[in-house]
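Remarks on the overall topology
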Amino acid sequence: MSFQRVQEKLNILADAAKYDVSCSSSGSNRTNKNKGLGDASASGICHTYTEDGRCVSLLKILLTNHCIFDCAYCVTRKSNDVKRAAFKVQEVVDLTMNFYRRNYIEGLFLSSGIFKSADYTMERLVAVAKKLRLEENFNGYIHLKSIPGASDELMREAGLYADRLSVNIEIPTEKGLKLLAPDKNRADFIKPMEKVKNEIIQYKSEKKIIRSTPKYAPAGQSTQMIVGASGENDMQIMYTSNYFYKNFNLKRVYYSGYVPISYDTRLPQIGTPVPMLRENRLYQTDWLLRFYGFNIEEILNEQNQSLDLDIDPKLGWALRNMHEFPVDVNKADKRMLARIPGLGMKSVFKILNARRYRQLTWDHLKAIGVAFNRAQYFMVCASNQFEKRDLTPEKIKGLILQNSKSKYTSMLSNQLNLFG
Ligand code: SF4
């Protein structure tokens, strides 16, 4: 195979992979014990981002962009008139090793269209990871896509060589999936996820008894949902996300604003802006659920089915629950401190620590890094200057927006124009 042909394949298959954003590589602790190449734990994985904010850190490619399915939102769908290519297993192994040795990458993110069948494709993905680990002694990070419908045996093997496995839900509701990806069904995603979840639990418990038990997918599993392709509201997206976090022990759910790529009446028109701001609000909500102790029903419910694009979801919650404020930062528990807009968890821990020695004033809080622009309306401390009282939620929102320089301001006005 000529160098030019491999390069041509690389161009096609790296380009086709760029729509998948589930390539974060945190969470692995695979160390280099066999004097092999790479160490996923030593330096972490560095990430870079394309202009539109998508992660392109690892060698991120498809094994092939041939696909037997015809999912409307996907550039790889069989009805799309694009150049096709397929790597051989050895070619991916060689590329990974060569790029790694040249310090271009620190790991591999390998996905694929489905050629012939789920198992036929999954077998080849597993073969790449297996060769890298066993023949090349590669200890760098490997993220493999699980092909929906792949057999339990292949999923079991995949987790023995990959750091992370992920199967993309893509469309948040079954109705949307039926409309845009009629070849797929929810059960095909759930089966490999269930298998991976159970294997992780089993390998972990065996390791407690037998120390030599190998690690199974040490960085866990993740998934991706496309935002804005099929008309789901934020509540539907986040309830789906919450369900998968809870039932499949997912490490991460990624939200990917739909990039219009086809003339299809079922989808937003080509030229429709990618909903980046909405994507950002969903990530913020995701963090509130995972790290700030919020329940999904507090943020999104029948009365509030969509996130406010103007303000972050924690501020939105606070403005709807003014009876909970102001919070006294010198007395409140961790749960309530975490609910004050403008306080991240780092600030919360700093406050809890600092107030053991003194009563905190605004000056202390500013030094800690509290975002004063938002927090001042929701808390009191040992000094009373700046305290705001008797302001309506609308007035507070207006004051905050007036004083914010959001990097999303221009994006927001573009997106709002769509609904004008
Ligand atoms: S199965 Fe995957 S690769 Fe194939 S068309 Fe659907 S989303 Fe694209």
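Refer to the structure above for everything that follows.
Residues numbered from 1 in each chain as written. Predicted model: local features only at pLDDT ≥ 70, side-chain atom pairs only at ≥ 80, totals over all residues. Heavy atoms only, no water.

In the vicinity of the ligand, the contacting residues are Cys67, Phe69, Cys71, Cys74, Thr76, Arg77, Gly113, Ile114 and Lys184. If you map the ligand onto the pockets, it falls in the largest cavity. Here the residues of the shell around the ligand sort into five nonpolar, two polar and two charged. (Near = heavy atom within 4 Å. 1 Å grid on protein atoms, 1.4 Å probe; cavity = no way out; pocket = protein on both sides within 12 Å on 5 of 7 lines; lining within 4 Å. Sits in = over half its atoms within 2 Å of the grid points. Nonpolar A, V, L, I, M, F, W, Y, C, P; charged D, E, K, R; others polar.)

For the coordinates displayed, the defined rule picks out 17 salt bridges. The salt bridge involving Arg266 is made with Asp264; its shortest N-O contact spans 2.8 Å. On the basis of relative accessibility, which here comes to 35%, the residue Arg266 falls in the partly exposed class. Taking the shortest distance from any N to any O, the salt bridge between Arg374 and Asp312 comes out at 3.3 Å. Of this pair, Arg374 sits in helix 14 (residues 372-375) while Asp312 sits in the loop between helix 9 (296-299) and helix 10 (313-320), placing them 62 residues apart in sequence. Given a relative accessible area of 27%, Arg374 falls into the partly exposed group. Look at Asp312 and you get buried, because its relative accessible area is 14%. A single salt-bridge network, built from bridges that share partners, covers Arg5, Glu8 and Lys83. (Salt bridge = Lys/Arg side-chain N within 4 Å of Asp/Glu carboxyl O. Buried < 20%, exposed > 50% of the residue type's maximum accessible area, 1.4 Å probe, protein only. Helix = DSSP H or I, 4+ residues; strand = E, 2+ residues; numbered from the N terminus.)

Spanning 13 residues, helix 2 (residues 89-101) covers 19 Å between terminal C-alpha atoms, matching the ideal 18 Å at 1.5 Å per step. Val89, Glu91, Val92, Val93, Leu95, Thr96, Met97, Phe99 and Tyr100 are the residues of helix 2 that are buried. The secondary structure elements touched by the buried residues of helix 2 are helix 1 (3-17), strand 1 (59-62), strand 2 (107-111) and helix 3 (118-135). Phi for Asn103, located one or two positions after helix 2, is positive at around 70°. (Expected span 1.5 Å × (residues − 1). Contact = heavy atoms within 4.5 Å.)

The values reported here are purely geometric and, on their own, carry no functional implication.
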